[in-house]
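# Coordinate analysis (summary)
If you want the building blocks of each chain, they are given just below.
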Amino acid sequence: MKLQNYTLRYLAITLLLVIPIWAGIFYVLILDEVYDNIDDDLKNSKIIIVRHAFANKELLNSPDFGINKFTIKPLPKGQYSHKEEFSTSKEFMEYDNDNEPIRTLKTVFDDEKGNSYELIIKASIVEEDELLEDLFLALIGLYVMLVISILLVNRLLLKRIWKSFHVILENLKEIKLGTGSKLKPINSSIDEFISLEKEVEKMLTRNEMIYSSQKQFIENASHELQTPLAISINKLELFAENNILPDEQMMELGKITDTLNRLTKLNKSLLMLSKIENQQFSEEKNIDFNELILLLADDYDDLSEYKKVKITVIQNDSLYFMMNKGLAIALISNLLKNAIIHNHPNGFVNFIINKNEILISNSGNNSPLNPEVIFNRLYRHTTTNESTGLGLSIVKSIINNYSITIEYLFTENHQFKIIFPKK
């Protein structure tokens, strides 16, 4: 979820909670103000009616409400409270043909002779249910308009504000260590984004220096190891060609030569593994895996004949994927070599090519491998000297560089399934 949508979601939820609370308070305040205004009008009507009653004695006997909406009734002699009492009730309205709310003022006043009279005045008030309904609709409209306004602000204003951040993000996606690439400058007036750009630039510079130093060290170390190994192997081969040593010593010499050859292979594999993990294989092209697998199957034909293993390639579909050609060769080559070496005479290696996957199955040991550790460095299921224990580690490292997955299965034979992303 994008950051602006993430904040928008919580903002919308907050508005959804705050608006009803605000609406309740607003409703109570509005209703109180309506009642207060009506009560003031009733008090004013009381003053006018009492004044007219003193001037026109006939008003002192008005038992029916009539058009004027008030009554005056004489009271027996006694002590009465002159306090104004307000109440709300309902009364039938002919216009609406329904009972509607009214506000009533009830009080007592004395005439010039000290006689007490009860005065009741009625006034129509706003219908609470209609007020509540109108307020609810108004709040729904307000909420919708607020959300739409925030969406527009997010779309226009925040998109513009976050533009510099997205530029930095896109720059980081394109950065590859070892190529000397730099961040594209951003045009922003926001201090945080300017600071972020500077810190990212410093981090990239540090990482570039560390990467270059590490790369140079690995290449130098590999070269320095390869040279004495090659010299030692050549000298041992010269001793063997001269045949000046007894047979037992010659056998030991052969073992030493095999060990040095294995060490050479191990050194090359470790160097390749380091290069893959440091992403030094940057050039990419659209690889035809059908053609590549057929080519490698032909290259390993001598080894398969020596091991008496039959290689079969089944092409159910064409498979293309954008990646470095050297890594594509290393990926298939290591799996194929691994399947041949860890096989038995009269065994098989089958390649099944589908639209988005390659299934490599081979005969071999009847027990399954441990999927938890088979891709670990220097892990070897067998003790054969033909294996360096790095083949599947190289495969896993290549897989991790791309949006590819690999699965190991065991169903009477060993299977590795390479799954490519669907186009």
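You'll find the structure just up there.
Residues numbered from 1 in each chain as written. Predicted model: local features only at pLDDT ≥ 70, side-chain atom pairs only at ≥ 80, totals over all residues. Heavy atoms only, no water.

## Observations concerning the overall build of the protein chain
- Within the protein chain, the regular secondary structure consists of 9 helices and 11 strands.
- Within the protein chain, contacts between residues separated by at least 24 positions form 65% of all contacts whose residues are at least 6 apart in sequence.
- As displayed, the protein chain offers around 27,100 Å² of accessible surface, 56% of which is attributable to carbon and sulfur atoms. (Helix = DSSP H or I, 4+ residues; strand = E, 2+ residues; numbered from the N terminus. Contact = heavy atoms within 4.5 Å. Areas by Shrake-Rupley, 256 points an atom, 1.4 Å probe, with all protein chains shown as cover.)

## Structural notes on the sheet that holds strand β3 (residues 98-110)
- Sheet architecture is open: 4 strands sit in the order β1-β4-β3-β2, paired in antiparallel fashion. Two strands bound the open sheet, and with one partner strand each, they are β1 (70-74) and β2 (85-93). Strand-to-strand, the axes of this sheet are offset by a mean angle of 25 degrees, without reference to chain direction. (Pairing = 2+ DSSP bridges. Axes fitted to C-alpha atoms, helices over the stretch in contact; angles between N-to-C directions.)

## A short note on the side chain of Glu197
- Summarising the element assignment, Glu197 is placed in helix α4 (residues 191-242).
- This buried residue, Glu197, is left without a salt bridge; Lys198 holds the nearest opposite charge, at 7.5 Å.
- Other than its neighbours up to four places away in sequence, Glu197 contacts Ile168, Leu183, Lys184, Pro185 and Ile186. (Buried < 20%, exposed > 50% of the residue type's maximum accessible area, 1.4 Å probe, protein only. Lys, Arg positive; Asp, Glu negative; His and termini not counted. Salt bridge = Lys/Arg side-chain N within 4 Å of Asp/Glu carboxyl O.)

## Some words on the sheet that holds strand β9 (residues 357-362)
- Spatial strand order, β6-β8-β9-β11-β10: 5 strands in an open sheet with mixed pairing. Of all the strands in the sheet, just β6 (309-315) and β10 (405-410) have a single pairing partner and so form its edges. This sheet shows a mean twist of 15 degrees between the axes of neighbouring strands, independent of strand direction.
- Bridging between β6 and strand β8 (residues 347-353) involves 7 bridges; their strand directions are parallel. Along β8, the bridge assignment pairs Val309 with Gly347.

## Overview of the packing of aromatic side chains
- Within this structure, the stated rule accounts for 5 aromatic pairs.
- Geometrically, the ring pair formed by Phe109 and Tyr117 is stacked, given 5.7 Å between the ring centres and 25 degrees between the ring planes.
- These aromatic residues form a ring-pair network of at least three members: Phe289, Phe321, Tyr402 and Phe420. (Phe/Tyr/Trp six-rings, centres within 6.5 Å; stacked < 30°, edge-to-face > 60°.)

## Side note on the pattern of salt bridges
- Enumeration according to the criterion identifies 4 salt bridges in this entry.
- A salt bridge links Lys106 to Glu118, with the nearest nitrogen and oxygen atoms 3.5 Å apart. Of this pair, Lys106 sits in strand β3 while Glu118 is found in strand β4 (residues 116-124), placing the two residues 12 residues apart along the sequence.

## Quick notes on the environment of Ile49
- Within the secondary structure, Ile49 is located in helix α1 (residues 3-55).
- Spatially, the C-alpha atoms of Ile49 and Ile121 are 9.5 Å apart, while their sequence positions differ by 72 residues.
- Filtering out sequence-adjacent residues up to four positions away, Ile49 remains in contact with Phe70, Ile72, Leu119 and Ile121.

## What about the environment of Tyr408?
- Position of Tyr408 among the secondary structure elements: in strand β10.
- Each C-alpha atom, one on Tyr408 and one on Asn370, is 9.1 Å from the other, the two residues being 38 residues apart in sequence.
- A distance of 2.7 Å separates polar atoms of two side chains, one belonging to Tyr408 and the other to His414. (Polar contact = N/O pair within 3.5 Å; in protein donor to acceptor, adjacent residues only side chain to side chain.)

## Here we look at the nonpolar core
- Within the largest apolar cluster, 39 residues are counted, with the highest numbers of intra-cluster contacts made by Phe289, Met323, Ile332, Leu335, Ile358 and Ile418.
- Looking at this core, the elements that each hand over two or more residues are α6 (289-299), β7 (320-323), α8 (325-341), β8, β9, α9 (391-400), β10 and β11 (414-419).
- No other element matches the 9 residues that α8 contributes to this core.
- Filtering out sequence-adjacent residues up to four positions away, Met323 remains in contact with Glu283, Glu284, Lys285, Ile287, Phe289, Ala328, Ile398 and Tyr402.
- Counting residues in each nonpolar core, the second largest holds 22 residues, with Leu31, Val50, Tyr117 and Ile121 among its members. (Core = buried A, V, L, I, M, F, W, Y, C linked by side-chain atoms within 4.5 Å.)

## Looking at the pairing of β9
- Most of β9 is tucked away: 5 of the 6 residues are buried.
- Relative to β9, β8 runs antiparallel, the two being bridged by 5 bridges. Note on β9: the bridge partner recorded for Asn350 is Ser361.
- Hairpin remark: β8 followed by β9, antiparallel, with 3 residues in the connecting loop.

## Section: a negative patch on the surface
- On the surface, Asp32, Glu33, Asp36, Asp40 and Asp41 cluster together to form a negatively charged patch.
- Note that Asp36 resides in helix α1. (Patch = residues over 30% accessible without salt bridge, like charges linked within 9 Å, V, L, I, M, F, W, Y side chains within 5 Å. Charge placed at Lys NZ, Arg CZ, Asp CG, Glu CD.)

## Here's the deal with the pairing of β3
- Where β2 lies against β3, 9 bridges are found, and the strand directions are antiparallel. When the sheet's bridge partners are listed, Lys90 is paired in β3 with Pro101.
- Both β3 and β4 contribute to a ladder of 9 bridges, which runs antiparallel. Across the sheet, Arg103 pairs through a bridge with Ala123, a residue of β4.
- Hairpin connection from β3 to β4: 5 residues lie between these consecutive antiparallel strands, with Gly114 at a positive phi of about 90 degrees.

Read these as layout, nothing more, since geometry by itself doesn't imply function.
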